[in-house]
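Fold and geometry: a report
Residues per chain are reported as follows:
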Amino acid sequence: MAALSRTDVEHVAFLARLGLTDEELSLLEGQLNHILDQYRVLSELDTESIPPTAQVIGVENILRDDVAETSLTPDEALAGAPERQDDYFVVPVVVEGAD
Amino acid sequence: MAEAAAQARVARGAVAWEAVIGIEVHAQLRTASKMFCACSADLRDAGPNTHTCPVCLGMPGVLPVINRRAVELVLSTGMAIDAEIASVTRWDRKNYFYPDLPKGYQISQFDLPLAAHGQLALDTSEGPFTVRIRRAHLEEDTARLQHTADATGRRISLVDFNRSGLPLLEIVTEPDIRTAEQARRYAEELRLLLRTIGASDAEMENGQMRVEANVSIRPAGTHGFGVRSEVKNMNSFRAVERAIAHEIERQAAVLEAGGTLVQETRGWDDVRNETYTMRSKEDSDDYRYFPEPDLPPLRTDPAWLDAIRASMPELPAKRRTRYVSILGLTPYDAGVIVADPAASALFEDALASAAGLPADRRPVPKALANWVTGEYLRLAKQRDDGGHASGAELTRLVSMVGEGRISGTNAKEVFGRHVGSGEPVEAIVSSMGLTQISDSVALSAAIDGVLAANPAAVADCRAGKDQAVRFLVGQVMKATRGQANATMVQRLVRERLEERA
């Protein structure tokens, strides 16, 4: 397992939309690599015969019937909105399209 | 036409290009409630943010619960495309930040889709074609954004979370498609399949079915892949074909001019007839999928799968084959009927009703099919509600024509009224006084009257003018308000003329 480079840390910070200072990046670069070192120790174990596990609570097939129930009113839904226009939430444009 | 021009260009260039196309379809599933919460999924006439709750608004601390019906609809779809169904599946988080996604991740499926390795067979103008389908999985839809400006001119987005959390089926093909027409036909056939099994209404015009195409080109005969673009915003089947044809031509033009292509997402502009750059895709694939910890895994029990399989209706391809090989319809008529679920249901009901009649009064399937492809589809297209045609009534009407109780022309009028009102055909026939006169005594009286009133035409007939005979027959039909049996009238008129000679 190769160590995380400074560029990797910057990229992960960007994906998480974290604006980090040079100092914070250095701190996190050390901490992230330290965590990866612990995994390096774990990866020494032979797990060949153990199936991958994504859940440890031991339940499966929790489904609900397709029945519609009452929703919130627009005023309830928008109660915590920093800004609203009529019954819409308002957010700054995140430019993705042509306009 | 743009399509023809594009194909001509691809063939004409210094290099012959071959297109490599893969299609990704998202279809809203036909459920009563959303994917992971109990908000209603019926958004017709819904005002903004009227169908939300803490789950689909992405509030902290809430937990999703899987909608069983949505899973079943994807499993049916998997079976309908002949796919392998996962015995164990789970959901994963696809992480990205965008205002249409309040949690910061979309619950989707990554490495264990509900269905994989399927296929869909279709007909094109160049012959039959089979598209391999890589996977079909179940995810949640995102909120709807409207980009606008506020009173001060600041650019804002208005967010409506009604769509957030609707169950969404994603179906991805292998890059098997080679022409814009194949792409359109695939989308059409998939839509028909989804509607037939009741998985989705799949109306492209209102976003229930969204089609995206990955398009690249390569010199014909080579096997590598060119730089691809993802084409979006195609909101009709016609747009799918035109957008892809345009994109193939655009890429060929860039390469032939010595340029290079960049991997990007392009939108289709239906008015200007061209694609435009939406965004370049360098790191948007960095979704950091990981298993959704809030949802336990799902095991698809064989008994559950058997029950779903047993409840599946006859699929379009099988139905077309049956119509042609067993019922004797032409492939064209079979295709027209099966392509329209309402026409198909009408025809099936008419057949079932005909099966209950004695053989001498039973209309043949071909006769029923002619009414469905002709009069029914013509009338249904003129109406917003599709009309009120009943298969049993159609069979009764065709049977009355066969027995000579009503003329073909009058039957069309009766059927038109039936489609409009749903009234039984017998009632319409008697209220219009249309029962056909096949009684030779009654007809003779009418014929005698017409001959007496038209001595000149009678003389022309005797001089051998066939046209005059047709005129006299027409006059008899008119005198009986179309109720006379036309074949009998012809025979009787000729007999009477000979007697008089």
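By convention here, each chain's residues receive numbers from 1 onward along its written sequence. To read the labels, note that chains go from A and ligands from 1, taken in the order they are written. At least 70 in pLDDT is required for a residue's local features to be given in this predicted model, at least 80 for side-chain atom pairs to be given and counted, and no such filter applies to totals for whole chains, interfaces and linings, which use all residues. Remark: hydrogens and water are excluded; side-chain values derive from all non-hydrogen atoms of the structure.

Okay, the overall build of chain A next. Secondary structure elements follow DSSP: runs of H or I of four or more residues count as helices, runs of E of two or more count as strands, with numbering from the N terminus. Secondary structure summary: chain A contains three helices and three strands in total. Both definitions apply: the radius of gyration is a C-alpha atom measure, and the globule rule equals 2.2 Å times residues to the power 0.38. For chain A, whose C-alpha radius of gyration is 23 Å, the value lies well above the compact-globule estimate of 13 Å for 99 residues. Expressed along its principal axes, the backbone C-alpha trace of chain A runs to roughly 55 × 45 × 30 Å. Think of it in three bands: residues with accessible area under 20% of the maximum for their type are buried, residues over 50% are exposed, and the middle band is partly exposed, with areas taken using a 1.4 Å probe on protein chains only. Residues classed as buried in chain A amount to 17% of the 99 residues present. Pairs at least 24 residues apart make up 28% of the contacts formed inside chain A by residues separated by at least 6 positions. By definition in these notes, contact holds between two residues if any of their heavy atoms fall within 4.5 Å.

The subject of this paragraph is helix α1 (residues 6-15) of chain A. Residues and elements named next belong to chain A. Those residues of α1 not exposed but buried are V9, A13 and L15. The buried side chains of α1 occupy one side of the element, clustering within an arc of 160° when seen end-on. In this structure, the buried side of α1 is in contact with α2 (22-42). At the C-terminal side of α1, R17 shows a positive phi close to 55°. Throughout, the arc means that of the directions going from the helix axis to the C-beta atoms.

Residue and element names in this part refer to chain B. Spatially, the three strands line up as an open sheet ordered β6-β5-β16, and their pairing is antiparallel. Of all strands in the sheet, those with a lone pairing partner are β6 (105-108) and β16 (290-291), marking the two edges. Following DSSP output, two strands are said to pair if at least two bridges run between them. As judged from the two bridges shared by strand β5 (residues 92-95) and β16, these two strands associate in the antiparallel manner. Following the sheet pairing, D92 is matched in β16 by P291.

Turning our eyes to something else, we now look at the packing of aromatic side chains. Residue and element names in this part refer to chain B. Two rings belonging to Phe, Tyr or Trp (six-membered ring only in the last case) form a pair when the distance between their centres is within 6.5 Å. Interplanar angles under 30 degrees mark stacking, angles over 60 mark edge-to-face geometry, and anything in between is tilted. Evaluated as defined, the whole model comprises six aromatic pairs over all chains. Relative to Y289, the ring of F110 lies with its centre 4.1 Å away and its plane at 15°, an arrangement referred to as stacked. Here Y289 lies in the loop between β15 (274-280) and β16 and F110 lies in the loop between β6 and β7 (115-124), a separation of 179 residues in the sequence. Here F110 falls in the partly exposed class, since its relative accessible area comes to 42%. Under the relative-accessibility criterion, Y289 is labelled partly exposed at 28%. Consider the rings of Y323 and F347, whose centres lie 4.9 Å apart with planes at 85°: the pair is edge-to-face. Highlighted residues: Y323 in helix α6 (residues 316-325) and F347 in helix α8 (residues 341-355), separated in sequence by 24 residues. Judged by its relative accessible area of 0%, F347 falls in the buried class.

What follows deals with the domain arrangement of chain B. Residues and elements named next belong to chain B. In terms of domains, chain B is made up of domain 1 (2-303), domain 2 (314-432) and domain 3 (440-500). In this complex, domain 1 contributes seven residues to the contact, which on the side of domain 2 involves seven residues. Reported buried area values correspond to the accessible surface (1.4 Å probe) lost by two parts on association, with both partners' losses combined. Both faces combined, the contact of domain 1 with domain 2 buries some 560 Å², and carbon together with sulfur accounts for 69% of it. Ranking the residues of domain 1 by area buried against domain 2 places E189, L192 and T196 at the top, with a combined share of 59%. Take a side-chain nitrogen of Lys or Arg and a carboxyl oxygen of Asp or Glu: if they are within 4 Å of each other, that pair is a salt bridge. At the junction of domain 1 with domain 2, the criterion picks out one salt bridge. Between R320 and E189 there is a salt bridge whose closest N-O contact spans 2.5 Å. Two N or O atoms count as a polar contact when they lie within 3.5 Å, although within protein this holds only if one can serve as hydrogen donor and the other as acceptor, and sequence-adjacent residues are included solely when both atoms are side-chain atoms. The tally of links between domain 1 and domain 2 comes to one residue pair in polar contact (both at pLDDT 80 or more). Residue ranges assigned to each domain were obtained from an automatic or database domain assignment.

On to the nonpolar core, then. Judged by nonpolar contacts, the single largest core of 68 residues is most densely connected at I23, V71, Y186 and I244 of chain B. For this core, the element with the highest residue contribution is helix α4 (residues 237-256) of chain B, accounting for eight residues. Beyond its immediate stretch of four places on either side in the chain, V71 of chain B contacts L63 of chain A together with I66, W91, L114, L138, L298 and W304 of chain B. By nonpolar core is meant a set of buried Ala, Val, Leu, Ile, Met, Phe, Trp, Tyr and Cys residues that side-chain atoms within 4.5 Å join together. If you look at the next biggest cluster of nonpolar residues, it comprises 35 residues, including L368, W371, L379 and M400 of chain B.

To continue, consider the layout of surface pockets. Space inside the second largest pocket adds up to approximately 570 Å³. Surrounding the second largest pocket, 23 residues form its lining, Q28, A41, L43, R44 and Q208 of chain B being those nearest its centre. Only protein atoms enter the 1 Å grid used here. Points where a 1.4 Å probe fits but cannot escape make up a cavity, open sets with protein on both sides within 12 Å along at least five of seven lines make up a pocket, and a residue lines them when an atom lies within 4 Å of a point. Grid points are joined across faces, edges and corners, and a volume is the space filled by probe spheres set on the points.

Quick look at a nonpolar patch on the surface now. Patch building starts from residues that exceed 30% relative accessible area and form no salt bridge, then joins like charges within 9 Å and nonpolar side chains (Val, Leu, Ile, Met, Phe, Trp, Tyr) within 5 Å. Using the Shrake-Rupley algorithm and a 1.4 Å probe, accessible areas are obtained, with residue cover drawn only from the displayed protein chains. Residues L32, I35, Y39, L42 and L45 of chain A make up a contiguous nonpolar surface patch of roughly 490 Å² in combined accessible area. Within the secondary structure layout, Y39 of chain A lies in helix α2.

Residues and elements named next belong to chain B. Under the criterion given, the structure shown has 47 salt bridges over all chains. Two residues, R93 and E292, come together in a salt bridge whose shortest N-O distance is 3.0 Å. A residue pair is termed long-range when its members are at least 10 positions apart, and R93 in strand β5 and E292 in the loop between β16 and β17 (298-299) qualify at 199 residues. Linking R185 and E188 is a salt bridge whose minimum nitrogen-to-oxygen distance equals 2.9 Å. Within this pair, R185 and its partner E188 are both found in helix α3 (residues 180-196), separated by three residues, close to a single helical turn. The exposure class of R185 is buried, given its relative accessible area of 15%. Here the salt bridges share partners, and the residues they tie into one network are R184, R185, E188, E189, E241 and R320.

Most peptide bonds are trans, and most residues other than glycine sit at a negative phi. All names here are of chain B. Even without being a glycine, A202 presents a positive backbone phi close to 50°. Topologically, A202 is positioned in the loop between α3 and β12 (209-219). One non-glycine residue with positive phi stands out, namely N233, at about 65°. For N233, the location among the structural elements is in strand β13 (residues 229-234). Exposure remark for N233: the relative accessible area of 42% places this residue in the partly exposed category.

In this section: the packing of helix α9 (residues 365-381) of chain B against helix α11 (residues 408-421) of chain B. Residue and element names in this part refer to chain B. Orientation is described by lines fitted to C-alpha atoms, with helices fitted over the stretch in contact, and by angles between N-to-C directions that extend from 0 to 180 degrees. Between α9 and α11, whose axes approach to 10 Å, the crossing angle comes to 50°. Put simply, α9 runs oblique to α11. At the point where α9 passes α11, the crossing takes the right-handed sense. On α11, the residues that touch W371, E375, Y376 and L379 of α9 are A411, K412, F415, G416 and V419. Orientation labels follow simple angle bins: below 35 degrees gives roughly parallel, above 145 gives roughly antiparallel, 65 to 115 gives roughly perpendicular, and whatever is left gives oblique. What makes a crossing left-handed is the near helix being turned counterclockwise from the far one by less than a right angle; a clockwise turn instead makes it right-handed.

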